[in-house]
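The lines below spell out each chain.
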Amino acid sequence: LRGWLGEFVPFRILRIAQAIRSGMALDELQRITSWDMWFLERMAAIIDAEATVRDAGIPQDPDALQWLKSMGFSDARLAHITGVPQADITAARHAGGVRPVFKRIDTCAAEFASETAYMYSTYEPVRGAECEATPADRKKVVILGGGPNRIGQGIEFDYCCVHACYALSEAGYETIMINCNPETVSTDYDTSDRLYFEPLTDEDVIEVIQRESANGTMHGAVVQLGGQTPLKIAAGLEAAGIPILGTSPDAIDLAEDRERFQQLVEQLELKQPENGIAHSADEARQIVERVGLPVVIRPSYVLGGRAMEVVHQLGDLERYMRDAVVVSGDNPVLIDSFLSNAIEVDVDALCDGSDVYIGGIMEHIEEAGIHSGDSACSLPPQTLSDALLGEIRRQTEALARALGVVGLMNVQFAIKDDVIYLLEVNPRGSRTVPFVAKATGVPLAKIAARVMAGEALSGFGLQPVHLDHVAVKEAVFPFARFPGVDVVLGPEMKSTGEVMGIDRDFGRAFAKSQLGAGVDLPLSGTVFVSVRDEDKQAFIDICRALVDIGFSVIATGGTTKALNEAGVSATRVNKVMEGRPHAVDEMLSGGIQLVFNTAKGAGAITDSFSLRHTALTNKIPYYTTVSGSRAAVQAIAALQRDMLGVRTLQDFIADIAG
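None of the values given here were measured: they were computed from a predicted structure.

Draft legend 1. Focus on the overall build of the protein chain. Along its length, the protein chain carries 26 helices and 23 strands. Its C-alpha atoms give the protein chain a radius of gyration of 28 Å, near enough to 26 Å, the size a compact globule of 658 residues would have. Along the longest, intermediate and shortest principal axes, the C-alpha atoms of the protein chain span 85 × 65 × 55 Å. Within the protein chain, buried positions represent 51% of all 658 residues. In the protein chain, 66% of the contacts between residues at least 6 apart in sequence involve partners at least 24 apart. Only carbon and sulfur atoms are counted for the fraction: they give 51% of the accessible area of the protein chain, which is about 28,900 Å². Within the protein chain, one finds 58 positive and 88 negative side-chain charges whose respective centroids are separated by 3 Å.

So this is what it looks like as structure tokens:
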């Protein structure tokens, strides 16, 4: 226990609380953790109150319940401690008049009265405290933000919320933002008319909306722009009688519930990869036998592809089911046939329930199997035929109407052998909305907000956009700050940001995106290539193109043999396990300027980790996919031909309008 308490982990506070519950003396805890005794005493008081509630139940006296709430107990926590339904606790609290009051954040340092409508809730220890909210007599809309930024849910969603505030203010609504991240634009005091700095839980959000509803007209709440966090409480808000603007919570659940969604896909006669839902390890094995390896496997209802993996061998499946997830009836895993070497496509669309506008179709540069948040993508698509693009538009429109989408929708497709497979539909704003809006000049988030508020899509005069330029979105990764993390990309999201490159052709746009992401592409030198067997044919053309523009190629044994047999000059170098001098030695001595490395299966990925790690620490550009490597060659060729120019985004957009 003492060693456990000494570890510096994110949830250390919960470990300390558990030690207090176990009876450890505060003096000993203070000695182990070096925490100030004041904080330990406050935690002990909360745990004493928790024990009292567990023994005696919820207090009937409103003053005692007020005191409990002032200590920070949520209704959900009290329900967990007592075994009483949360709805009963909320009802008892309301019946006793136990509600939070709202205070204004003093932006004037107490020198004079603050008029800024920037508020937070508090339960004072005694009832009847002053509430400073003073709701206005206006028609109002509540916009729920995304909460703390983390991998899978970042600033792109905050962009959507901010633009919704601007659009609804222009339309005459009072905008009320609820969010709890001080590092975002949505929590700037002047973005919305009123700002509540609150956790995004159903209890806290409902209290704010009920307080605001005391005056004026509550038009409803927008839940589809803040990512997954506000979507999770949409059903709770609807149950409390709060109008949800835009796509209904039932339609959102339909898109996320695998079994319900599969029925819809069959009705629309669309294709999905073979798939199944496993509630146990035995069921998982049966599904894999039916659909065949490789498969993509992940827990249900995850954000950012957490714990998602591509499984190529049965041994990896056994390890995943044993170590990666806890599988049960309430927490099944989703298994999909993996479409090797498929092209993945993202589509962002607007719908008002009947009319549909396709905002942008993006072709991923990395093949299917790389999380969409980690993959670079191109707008417009570079390799898809007009027939395929037309069919993608048709399927997107059919899905939007069938789901009854009102607002934004994101669809992900995979294309293999000219067959379109539907991977996922999200009836909400996506992380690509800001990119599409900047590339096309169409303010998707602003229009979506007004559509959700009740306006028809036909009133905005939207027309299909034909781009004279290419925009490339590239992910930015934090690997340099975490030297032990492998840089190889997969279905679990790793990026923490993104940049955009824009130019007249793909090569130059991709080169700009690499510069923005901190990758300095070489214009000459030596490329090291080590790739899995199924990628060797593709890398013959890639390496031939590099040799043609003046690069030398060194490669591991199997790759060298394949290149030389195809007439591409390459020199063999040892793998690390084959003895020195090996590829890592060449990197450390400055003999390698570019790395192409693909690997399949946990064993091969582990064996080649030192290659990617050395490239990272020595700032050598590296690519771990076929398509990423091909794009890098196009960018290098473009840089060799001509220096990159600078042109404003407004000039590119003006060309479209012209």
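Don't stop here, the text continues.
Draft legend 2. Spatial organisation of the nonpolar core. Ranked by size, the top nonpolar core spans 40 residues in total, and within it Ile-143, Leu-225, Leu-350 and Leu-444 carry the most contacts. Among the elements of the structure, strand 3 (139-144), helix 8 (155-170), strand 13 (356-364), strand 14 (377-379), strand 15 (406-416), helix 17 (433-440) and helix 18 (444-452) are those that each provide at least two residues to this core. Filtering out sequence-adjacent residues up to four positions away, Leu-225 remains in contact with Phe-157, Cys-160, Cys-161, Ala-164, Leu-408 and Met-452. With 33 residues, the next largest nonpolar core counts Val-529, Val-531, Ile-542 and Ile-636 among its residues.

Draft legend 3. Region of interest: the packing of aromatic side chains. All chains considered together, the criterion is met by six aromatic pairs. Measuring from centroid to centroid gives 5.2 Å for Trp-38 and Phe-39, while their planes differ by 90°, and the two rings are edge-to-face. A relative accessible area of 49% means that Trp-38 is categorised as partly exposed. Here Phe-39 falls in the partly exposed class, since its relative accessible area comes to 46%. Consider the rings of Tyr-118 and Phe-197, whose centres lie 6.4 Å apart with planes at 55°: the pair is tilted. Residue Tyr-118 is located in strand 2 (residues 118-122), and its partner Phe-197 is located in strand 5 (residues 194-197); the two are separated by 79 residues in the primary sequence. Three or more aromatic residues joined by ring pairs make a cluster, and in this case those are Phe-539, Phe-596 and Tyr-623. It is Arg-12 that lies over the ring of Phe-8; its NZ or CZ is 4.7 Å from the centre. The positively charged end of Arg-42 is found above the aromatic ring belonging to Trp-38, 4.8 Å away from the centroid.

Draft legend 4. View of the sheet that holds strand 16 (residues 419-426). The sheet built from seven strands is open, its strands ordered 16-15-12-13-14-17-18 with antiparallel pairing. Of all the strands in the sheet, just strand 16 and strand 18 (497-503) have a single pairing partner and so form its edges. Across this sheet, the average inter-strand angle for adjacent strands is 25°, counted without regard to direction. Relative to strand 17 (residues 470-476), strand 14 is paired through three bridges, and the arrangement is antiparallel. Looking at the pairing, Ser-378 lines up with Val-472 of strand 17.

Draft legend 5. Representation of a nonpolar patch on the surface in the model. Among the surface-exposed residues, Phe-11, Ile-13 and Leu-14 lie close enough to one another that they form a single nonpolar patch of about 330 Å² accessible area. Positionally, Leu-14 belongs in helix 2 (residues 12-21). Judged by relative accessible area, Leu-14 falls into the exposed class, the value being 53%.

Draft legend 6. Focus on the pairing of strand 4 (residues 174-179). By the criterion of burial, strand 4 is predominantly enclosed, with six of the six residues buried. Judged by which residues are buried, strand 4 turns out to be covered on both faces: Glu-174, Ile-176 and Ile-178 on one side and Thr-175, Met-177 and Asn-179 on the other are all buried. Both strand 3 and strand 4 contribute to a ladder of five bridges, which runs parallel. Its bridge partner lying in strand 4, Ile-143 is registered against Met-177. Judged from the four bridges that link them, strand 4 and strand 5 form a sheet pairing that is parallel. The residue of strand 5 that forms the bridge with Ile-176 is Arg-194.

Draft legend 7. Layout of the sheet that holds strand 1 (residues 101-104). Read across the open sheet, the seven strands follow the order 1-2-5-4-3-6-7; overall the sheet is mixed. Single-partner strands in this sheet number two, and they are strand 1 and strand 7 (244-245).

Draft legend 8. Representation of the packing of helix 2 against helix 4 (residues 37-56) in the model. Running from N to C, helix 2 and helix 4 point in directions that differ by 60°, and their axes come no closer than 10 Å. With respect to helix 4, the element helix 2 is oriented oblique. In this structure, the crossing between helix 2 and helix 4 has a hand that is right-handed. Every residue of helix 4 that contacts helix 2 at Ile-13, Ile-16, Ala-17, Ile-20 and Arg-21 is listed here: Leu-40, Met-43, Ala-44, Ile-47 and Glu-50. A breakdown of the residues in the contact of helix 2 with helix 4 according to their chemical character gives eight nonpolar, no polar and two charged.

Draft legend 9. Layout of helix 3 (residues 26-33). Turning to helix 3, its buried residues number three or more, namely Glu-28, Leu-29 and Thr-33. Seen along its axis, helix 3 keeps its buried residues to an arc of 115°; they face one direction. In helix 3, the exposed residues that point more than 90 degrees away from the buried face are Asp-27 and Arg-31.

Draft legend 10. Quick peek at the environment of Thr-559. Here Thr-559 is to be found in helix 21 (residues 557-565). Sequence separation between Thr-559 and Glu-366 is 193 residues; the distance between their C-alpha atoms is 21 Å. Here Thr-559 is in contact with Val-529, Ser-530, Val-531 and Lys-536, once residues within four sequence places are set aside. In terms of polar contacts, Thr-559 uses its side chain to reach the backbone amide nitrogen of Val-531, at 3.5 Å.

Draft legend 11. Expanded view of the domain arrangement of the protein chain. The assigned domain composition of the protein chain is domain 1 (1-99), domain 2 (102-245), domain 3 (274-337), domain 4 (343-481) and domain 5 (522-620). Look at where the C-alpha atoms of domain 1 and domain 4 centre, and you get two points 45 Å apart.

Draft legend 12. Fine view of the side chain of Asp-352. You can see Asp-352 is positioned in strand 12 (residues 343-352). Arg-401 is the oppositely charged side chain nearest to the buried, salt-bridge-free Asp-352, at an N-O distance of 7.4 Å. Only 3.0 Å separates the side chain of Asp-352 from the backbone nitrogen of Ser-354, close enough to count as a polar contact. Side-chain polar atoms of Asp-352 contact the backbone nitrogen of Leu-457, separated by 2.9 Å.

Calculation notes
- Residues numbered from 1 in each chain as written.
- Predicted model: local features only at pLDDT ≥ 70, side-chain atom pairs only at ≥ 80, totals over all residues.
- Heavy atoms only, no water.
- Helix = DSSP H or I, 4+ residues; strand = E, 2+ residues; numbered from the N terminus.
- Rg over C-alpha atoms; globule rule 2.2 N^0.38 Å.
- Buried < 20%, exposed > 50% of the residue type's maximum accessible area, 1.4 Å probe, protein only.
- Contact = heavy atoms within 4.5 Å.
- Areas by Shrake-Rupley, 256 points an atom, 1.4 Å probe, with all protein chains shown as cover.
- Lys, Arg positive; Asp, Glu negative; His and termini not counted.
- Charge placed at Lys NZ, Arg CZ, Asp CG, Glu CD.
- Core = buried A, V, L, I, M, F, W, Y, C linked by side-chain atoms within 4.5 Å.
- Phe/Tyr/Trp six-rings, centres within 6.5 Å; stacked < 30°, edge-to-face > 60°.
- Lys NZ or Arg CZ within 6 Å of the ring centre and 35° of its normal.
- Pairing = 2+ DSSP bridges.
- Axes fitted to C-alpha atoms, helices over the stretch in contact; angles between N-to-C directions.
- Patch = residues over 30% accessible without salt bridge, like charges linked within 9 Å, V, L, I, M, F, W, Y side chains within 5 Å.
- Salt bridge = Lys/Arg side-chain N within 4 Å of Asp/Glu carboxyl O.
- Parallel < 35°, antiparallel > 145°, perpendicular 65-115°, else oblique.
- Left-handed = near helix turned anticlockwise from the far one by under 90°.
- Nonpolar A, V, L, I, M, F, W, Y, C, P; charged D, E, K, R; others polar.
- Arc of directions from axis to C-beta.
- Polar contact = N/O pair within 3.5 Å; in protein donor to acceptor, adjacent residues only side chain to side chain.
- Domains from an automatic or database assignment.

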